[in-house]
Amino acid sequence: MVLTEIGGGARLLVGSDEDLDRLVTGASVVTDAVLPDDVGLALICPALNSAEDLEQLSGRLSTSAARLLVLTTPSPVALAELSARLRGHVVVGSAEPVDPAAVVLSIARSVDVPDETATRRLAALQRSLTQVLGDPDPVVSLLARLKSTCNATVALVDKHGQAVHSTGPVPLSLLFTEISHTAADSQMMDIDGWHGIADRVNDPAQGGDHMGWLVAVARRDGFPDAYAVSAVHLAAALVEASQRMTLVARQQERAIRAAILEEALALRGIPDDPELSGRIASLGLGFADDLRTVVARPISSGPASRRRTSTKDLADGFDRVLEAWDVPHLVSARDRFVVILMQGSPKMLRRIIVASQDSLPPLHVGLGRPVRAVADVKDSYHDAHLAVRSLGRTARAAGVMTYEDFDFATRLFSDVGTDRMAAWAREFLAPLDERPPLMEGLRAFFAHSQNMNAAADALSIHHNSLRYRLAKVEELLKLTLRDPAAVSSLFLALAARDLEEVDSNARPRATRAVRTRQPSDVEAPRTPTDFATPGLDRLGVVISPGR
């Protein structure tokens, strides 16, 4: 109670864990007068400024029973010498000077009426724990403060039993079975001499699911007491709140990045947009280096709802992978594919995709021409989309195609420009506009690499029916599909029509992530990944009755 009332910087300098249970009945400031005999009184030492002062105080205490001393200024000597001089006594100190009057009042409050004392203790506890949420690493600081408050080892454990962060070695393999066998929000533990409490930490991104547990354990009897239990409940609520704020901040940042990318993709007939260029540059992407637009499409097909989910997850996956490789990027998910503006060469992207095969599904990936100005983003995007279409026509397996890989006809299409090609395609394919089955058959024919049987199976019709449709196409367009020039013209015209439809119908989507590991006895690194992101400046906390 005394340590909590004094503040987060207070700690036990001399004494043992058992001394934390020492009864304190009041406080008395040390002066030249005779020291009071009541050992329940904490002795407040405001004038301990030198080794001589310490020696004088030690002499006055030499014939006294064990007393509780509170230093209101940092110790004038090293901790080892302080322990030697005041052996047998309990010494509390702070790294920063403390007002002696404030200490006296704090102790007086702690021994006040029981109900008022409990309320003040809980208020002081909440204030102490919430103060650290403005630190660069809020969860790390929160666990360190909780360790000091409870005098116990504290760990943040994920749902697979791995310590995301720990203030010391924790026997996770011993505790994990105990804390994971029940769905209770909180549970007490008493295993092989370890005593503690585990509080479930919910995941705001997963509805009712949880992301892990906050665990506080110690090897002393009587732990945890009611105060430690309250501290763990409060800390778990703060971790959840921190994670919720982090999730909102990430979603907002991704939405902003996707909006900027979509704005760049929507530029038409504008040579440059200095404001948009500046916003892109502020997010870490530069036009002076290799900047490319990427289109990624999962190879497997499925119902529309499944496609939407897969592209959303794919956008999340690319976001995490590119962050891990420290590649500046913008990501936007659309109905059937993902668009990325990334800083890096084609060689780098190939290397990232190969290294991330476990994190990403099989993909067709297209890279457009280098982006030298914001007006080039749209052209680079069309290149990337054309590359993905070419991969779909020629390669059923996963692959990457860049603007530099285009054949002569495709490069010609790309450099002429989508707007002009779309206008030519509308004119060229106009005889098929009122004949949807013919257009459907022609698209299937090219989508299956001109394999008649495969295209017919995809349309659920007999191959002779498809042959009839294609014959009608040849008749209406006055060409033959045996002519390579006609085949190239049709493929490019269909590609232009598809790009035009994509530009008019595409809608950006948002993004999300999972870890699978087994429990082990480890001392976790100081990286509370997936639980908080540094930079939370303010956080309001509401504690529910269950907490």
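Refer to the structure presented above.
The structure presented is a predicted model; accordingly, all values stated were derived computationally and were not measured.

Q: Got a sec to walk through the packing of helix H16 (residues 452-459) against helix H17 (residues 463-477)? Specific residues and values, please.
A: Between two packed helices, the angle of one axis relative to the other and the distance separating the axes together describe the packing. It is the contact of H16 with H17, at a shortest axis distance of 8 Å, that shows an interaxial angle of 100 degrees. The angle between H16 and H17 places the two elements in the roughly perpendicular class. Residues Met452, Asn453, Ala455, Ala456 and Leu459 of H16 form the contact with H17, whose own contacting residues are His463, Leu466, Arg467, Arg469 and Leu470. Residues of the contact of H16 with H17, tallied by class, amount to 6 nonpolar, 2 polar and 2 charged.

Q: Which residues make up the sheet that holds strand S6 (residues 153-158), and what are the values?
A: The 5 strands lie next to each other as S7-S6-S10-S9-S8, forming an open sheet whose pairing is antiparallel. Each edge of the open sheet carries a strand with a single partner, namely strand S7 (163-166) and strand S8 (186-191). Ignoring strand direction, the axes of neighbouring strands in this sheet form an average angle of 20 degrees. Direction of pairing for S6 relative to strand S10 (residues 210-218): antiparallel, over a ladder of 6 bridges. Of the residues in S10, the one forming a bridge with Thr153 is Val217. Strands S6, S7 and S10 of the sheet are contacted by helix H6 (residues 138-150), whose axis makes an angle of about 140 degrees with S6. Of the strands in this sheet, S6, S8, strand S9 (194-202) and S10 touch helix H8 (residues 226-265), which is tilted by about 30 degrees from S9.

Q: Which residues make up the side chain of Arg67, and what values go with them?
A: Note that Arg67 resides in the loop between helix H2 (51-61) and strand S4 (68-71). As a buried residue without a salt bridge, Arg67 has its nearest oppositely charged side chain in Asp37, at a separation of 5.9 Å. Here Arg67 is in contact with Arg22, Pro36, Asp37, Asp38, Val39, Leu41, Leu43, Leu61, His89 and Val90, once residues within four sequence places are set aside.

Q: I'd love a proper account of the packing of aromatic side chains, names of residues and values included.
A: The geometry of an aromatic ring pair is captured by the separation of the ring centres together with the interplanar angle, meaning the angle of the planes. Going through the model one piece at a time under the given rule, you end up with 4 aromatic pairs. Taking 5.6 Å as the distance between ring centres and 70 degrees as the angle between the ring planes, the aromatic pair formed by Phe445 and Phe446 counts as edge-to-face. When its relative accessible area of 6% is taken as the criterion, Phe445 is described as buried. A relative accessible area of 4% places Phe446 in the buried class. Relative to Phe491, the ring of Phe446 has its centre 6.3 Å away and its plane inclined at 50 degrees; by these criteria the two rings are tilted.

Q: Could you give me a rundown of the nonpolar core, with the residues and numbers involved?
A: Formed by 36 residues in total, the largest nonpolar core has its most connected members in Leu429, Leu432, Leu442, Phe446 and Leu490. Counting residues per element, the ones that place at least two in this core are helix H12 (376-394), helix H14 (418-428), helix H15 (436-447), H16, H17 and helix H18 (484-505). Here this core gets 9 residues from one element, more than from any other, and that element is H18. The next biggest cluster of nonpolar side chains, apart from the first, holds 29 residues, and it includes Leu133, Leu143, Ala231 and Val239.

Thresholds, definitions, all that
- Residues numbered from 1 in each chain as written.
- Predicted model: local features only at pLDDT ≥ 70, side-chain atom pairs only at ≥ 80, totals over all residues.
- Heavy atoms only, no water.
- Axes fitted to C-alpha atoms, helices over the stretch in contact; angles between N-to-C directions.
- Helix = DSSP H or I, 4+ residues; strand = E, 2+ residues; numbered from the N terminus.
- Parallel < 35°, antiparallel > 145°, perpendicular 65-115°, else oblique.
- Contact = heavy atoms within 4.5 Å.
- Nonpolar A, V, L, I, M, F, W, Y, C, P; charged D, E, K, R; others polar.
- Pairing = 2+ DSSP bridges.
- Buried < 20%, exposed > 50% of the residue type's maximum accessible area, 1.4 Å probe, protein only.
- Lys, Arg positive; Asp, Glu negative; His and termini not counted.
- Salt bridge = Lys/Arg side-chain N within 4 Å of Asp/Glu carboxyl O.
- Phe/Tyr/Trp six-rings, centres within 6.5 Å; stacked < 30°, edge-to-face > 60°.
- Core = buried A, V, L, I, M, F, W, Y, C linked by side-chain atoms within 4.5 Å.

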